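# Coordinate inspection notes
Residues per chain, in single letters:
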Amino acid sequence: MTNETTANHPSRADRQNCWKVRDAYFECLNEAKVLDPASEAASSVCLDLKKHYEQGCMKSWVDYFNKRRVLEVEQKEILERMRAQHQAVADRAAEGQSKQA
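## Describing the overall build of the chain
When helices and strands are counted, the chain shows four helices and zero strands. Secondary structure elements of the chain occur, N-terminal to C-terminal, as α-α-α-α. Taking 2.2 N^0.38 as the reference for a compact globule, 101 residues should give roughly 13 Å; the C-alpha atoms of the chain span a radius of gyration of 21 Å, well beyond that estimate. On the principal axes, the C-alpha backbone points of the chain span a range of 75 × 30 × 15 Å. Across the 101 residues in the chain, those meeting the buried criterion constitute 22%. Of the roughly 7800 Å² of accessible surface on the chain, 52% is carried by carbon and sulfur atoms.

Below, the structure is given as structure tokens:
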């Protein structure tokens, strides 16, 4: 991003470029099976894409996107566990009702 853009709000083109380089970097991390861009494992993969990502997005956006990436995966895992627990409770309840009948 240019100095002028970082002093002001990013233009639509700047935002679109940021999202494009972010998506490319995150896809590379996915292929390398790396979740957290701040992890030690991420420090040795996708280096060119990381450079473009960090240059193409404001630092506050990079920080946000990196944290959001990890948080989204954690949320999905929690939801899956909750669904499995709910299903187990429902199965036990159904089993109890069938025994009473």
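## Concerning the environment of Asp36
The topology assignment puts Asp36 in the loop between helix H2 (12-31) and helix H3 (47-56). Once the C-alpha coordinates of Asp36 and Phe26 are considered, the two residues, ten residues apart in sequence, prove to be 9.6 Å apart. With sequence-adjacent residues up to four places away left out, Asp36 is seen in contact with Ala42 and Val70. Separated by 2.9 Å, the side chain of Asp36 and the backbone nitrogen of Ala38 make a polar contact.

## Quick look at the state of the cysteines
Counted according to the given criterion, the structure contains two disulfides. Each sulfur of the disulfide joining Cys18 and Cys57 lies 2.0 Å from the other. Here Cys18 and Cys57 share a disulfide; its torsion about the S-S bond, 110°, makes the bridge right-handed. With Cys18 in helix H2 and Cys57 in the loop between H3 and helix H4 (59-100), this residue pair connects regions lying 39 residues apart in the sequence. Summarising the burial analysis for this pair, Cys18 and Cys57 share the class buried.

## Topic: the nonpolar core
Core analysis: the largest hydrophobic core is formed by 13 residues, its most contacted members being Tyr25, Phe26, Leu29, Tyr53 and Cys57. Of all the elements in the fold, those that place two or more residues in this core are H2 and H4. If you tally residues by element for this core, the top one is H2, at six residues. Not counting residues within four places of it along the chain, the set of residues in contact with Tyr53 comprises Val21, Arg22, Tyr25, Phe26, Trp61, Val62, Phe65 and Asn66.

## Focus on the pattern of salt bridges
Opposite charge on two side chains lets them pair, provided their charged atoms get close. In the structure shown here, the tally under the stated rule is three salt bridges. Two residues, Asp63 and Lys59, come together in a salt bridge whose shortest N-O distance is 3.1 Å. Taken together, the residues Asp63 and Lys59, both in helix H4 and four residues apart, mark about one turn of the helix. Assessed through its relative accessible area of 32%, Asp63 is described here as partly exposed. Judged by its relative accessible area of 60%, Lys59 falls in the exposed class. The salt bridge partner of Arg68 is Glu72, with a shortest N-O separation of 3.4 Å. Linking Arg68 with Glu72, this pair stays in helix H4, spanning four residues, or about one helical turn. We classify Arg68 as partly exposed; its relative accessible area is 27%.

What counts as what
Residues numbered from 1 in each chain as written. Predicted model: local features only at pLDDT ≥ 70, side-chain atom pairs only at ≥ 80, totals over all residues. Heavy atoms only, no water. Helix = DSSP H or I, 4+ residues; strand = E, 2+ residues; numbered from the N terminus. Rg over C-alpha atoms; globule rule 2.2 N^0.38 Å. Buried < 20%, exposed > 50% of the residue type's maximum accessible area, 1.4 Å probe, protein only. Areas by Shrake-Rupley, 256 points an atom, 1.4 Å probe, with all protein chains shown as cover. Contact = heavy atoms within 4.5 Å. Polar contact = N/O pair within 3.5 Å; in protein donor to acceptor, adjacent residues only side chain to side chain. Disulfide = S-S within 2.5 Å. Core = buried A, V, L, I, M, F, W, Y, C linked by side-chain atoms within 4.5 Å. Salt bridge = Lys/Arg side-chain N within 4 Å of Asp/Glu carboxyl O.

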